[in-house]
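As a plain string of letters, each chain reads:
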Amino acid sequence: MSHEKQFISAGERLVYMANQIAGFFASQPESEQVEGIGNHINQFWEPRMRTQLFEIVDAGGKGLSPLVLKAARHIRRPEAA
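Let me begin by describing the structure that accompanies this report. (Residues numbered from 1 in each chain as written. Predicted model: local features only at pLDDT ≥ 70, side-chain atom pairs only at ≥ 80, totals over all residues. Heavy atoms only, no water.)

1. What about helix H1 (residues 10-25)?
- Between its terminal C-alpha atoms H1 stretches 23 Å, which fits the 22 Å expected from 16 residues at 1.5 Å a residue.
- Of all the positions in H1, only Leu14, Val15, Ala18, Ile21, Ala22 and Phe25 are classed as buried. Summarising the axial view, the buried residues of H1 lie within an arc of 125°, below the 170-degree limit, and thus occupy one face. (Helix = DSSP H or I, 4+ residues; strand = E, 2+ residues; numbered from the N terminus. Expected span 1.5 Å × (residues − 1). Buried < 20%, exposed > 50% of the residue type's maximum accessible area, 1.4 Å probe, protein only. Arc of directions from axis to C-beta.)

2. As for the side chain of serine 65
- As for its position among the elements, serine 65 is in the loop between helix H3 (47-58) and helix H4 (66-71).
- Given a relative accessible area of 17%, serine 65 falls into the buried group.
- Look past the residues within four positions of serine 65 in its chain and what remains in contact with it is Asn19 and Ala22. (Contact = heavy atoms within 4.5 Å.)

3. Let's talk about the packing of aromatic side chains
- Scanning the entire structure with this criterion turns up one aromatic pair.
- Between the aromatic rings of phenylalanine 24 and phenylalanine 25, the centroid separation amounts to 5.0 Å while the plane-to-plane angle is 85°, which identifies the pairing as edge-to-face. (Phe/Tyr/Trp six-rings, centres within 6.5 Å; stacked < 30°, edge-to-face > 60°.)

This is the structure in C-alpha cells:
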C-alpha cells in the first residue's frame, strides 16, 4: 500500500475550498446562495486568496461550481499592488 502524499496546486486547493463553500450554501434557500458564498469568501479569505480566485475566474473558471462563478460578482476583488 502506497503512503505517498498527493500534492495539489494552490489554485486547485482554492477551487476545492470555494466549491465546498458553494456546496454548503446549495442547501440554503436559493435567494441566499450566491450572496452567502460571496459574503463568506469576503469575510474569511485574505486578499491574496481572493486575487488567486479571480485569476481562475478570469481564465474561465475551470473546475469552479456554477454557484461560485455566479457569486464572483459579490466577492471583493483586491486592488492590484
